[in-house]
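Spelled out, the chains give:
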Amino acid sequence: QDMMDIEVKPKPSRPHWYERHVQPCVAELLGSALFIFIGCLSVVEDSGGTGRLQPALAHGLALGVTVAVLGDI
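None of the values given here were measured: they were computed from a predicted structure.

Cut-offs applied
- Residues numbered from 1 in each chain as written.
- Predicted model: local features only at pLDDT ≥ 70, side-chain atom pairs only at ≥ 80, totals over all residues.
- Heavy atoms only, no water.
- Helix = DSSP H or I, 4+ residues; strand = E, 2+ residues; numbered from the N terminus.
- Contact = heavy atoms within 4.5 Å.
- Patch = residues over 30% accessible without salt bridge, like charges linked within 9 Å, V, L, I, M, F, W, Y side chains within 5 Å.
- Areas by Shrake-Rupley, 256 points an atom, 1.4 Å probe, with all protein chains shown as cover.
- Salt bridge = Lys/Arg side-chain N within 4 Å of Asp/Glu carboxyl O.
- Expected span 1.5 Å × (residues − 1).
- Buried < 20%, exposed > 50% of the residue type's maximum accessible area, 1.4 Å probe, protein only.
- Arc of directions from axis to C-beta.
- Axes fitted to C-alpha atoms, helices over the stretch in contact; angles between N-to-C directions.
- Parallel < 35°, antiparallel > 145°, perpendicular 65-115°, else oblique.
- Left-handed = near helix turned anticlockwise from the far one by under 90°.

### Notes on the side chain of threonine 66
- Considering the arrangement of structural elements, one finds threonine 66 in helix α2 (residues 53-70).
- Sequence-distant contacts of threonine 66, defined by excluding residues within four places in its chain, comprise Gly31, Leu34 and Gly71.

What follows is the structure, given as structure tokens:
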């Protein structure tokens, strides 16, 4: 009966090689591409009247979206 009181905890399994190596690299690639693409588009489409505010907001929002979507990876 003493044997029944012992809790058996399974060993935590190691993450799959895809989750350890490929997924972070793809997340980094997508995050960087989004950040650079949105940032470049905000500068190209600058109408002149917005000054430095439009590119700064676009970069900030792109970074925020990237962190929110890919942050858990």
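### Observations concerning a nonpolar patch on the surface
- On the surface, a nonpolar cluster with roughly 240 Å² of combined accessible area is contributed by Leu34, Val65 and Val69.
- Relative to the helices and strands, leucine 34 is located in helix α1 (residues 17-44).

### Some words on α2
- Its 18 residues give α2 an end-to-end C-alpha distance of 25 Å, which sits within 8% of 26 Å, the value for a rise of 1.5 Å per residue.
- Listed as buried for α2 are Pro55, Ala58, Ala62 and Thr66. Buried residues of α2 fall within an arc of 65° about the axis and therefore sit on the same side. Along α2, exposed side chains directed more than 90 degrees from the buried face belong to Leu53, Leu61, Val67 and Ala68.
- Packed against the buried residues of α2 are α1.

### Examining the environment of glycine 39
- By the secondary structure assignment, glycine 39 is in helix α1.
- It is 9.5 Å that separates the C-alpha atoms of glycine 39 and glutamine 54, two residues lying 15 residues apart in sequence.

### Quick look at the packing of α1 against α2
- Packing of α1 against α2 leaves a shortest axis separation of 8 Å and a crossing angle of 160°. Here α2 runs roughly antiparallel to α1, going by the angle between their axes. Relative to α2, the crossing made by α1 is right-handed. Between α1, through Ala27, Leu30, Gly31, Leu34, Phe35, Ile38, Gly39, Ser42 and Val43, and α2, the contact on the second element is made entirely by Gln54, Pro55, Ala58, His59, Ala62, Leu63, Val65, Thr66 and Leu70.

Such coordinate-based values are descriptive only and should not be taken to indicate function.
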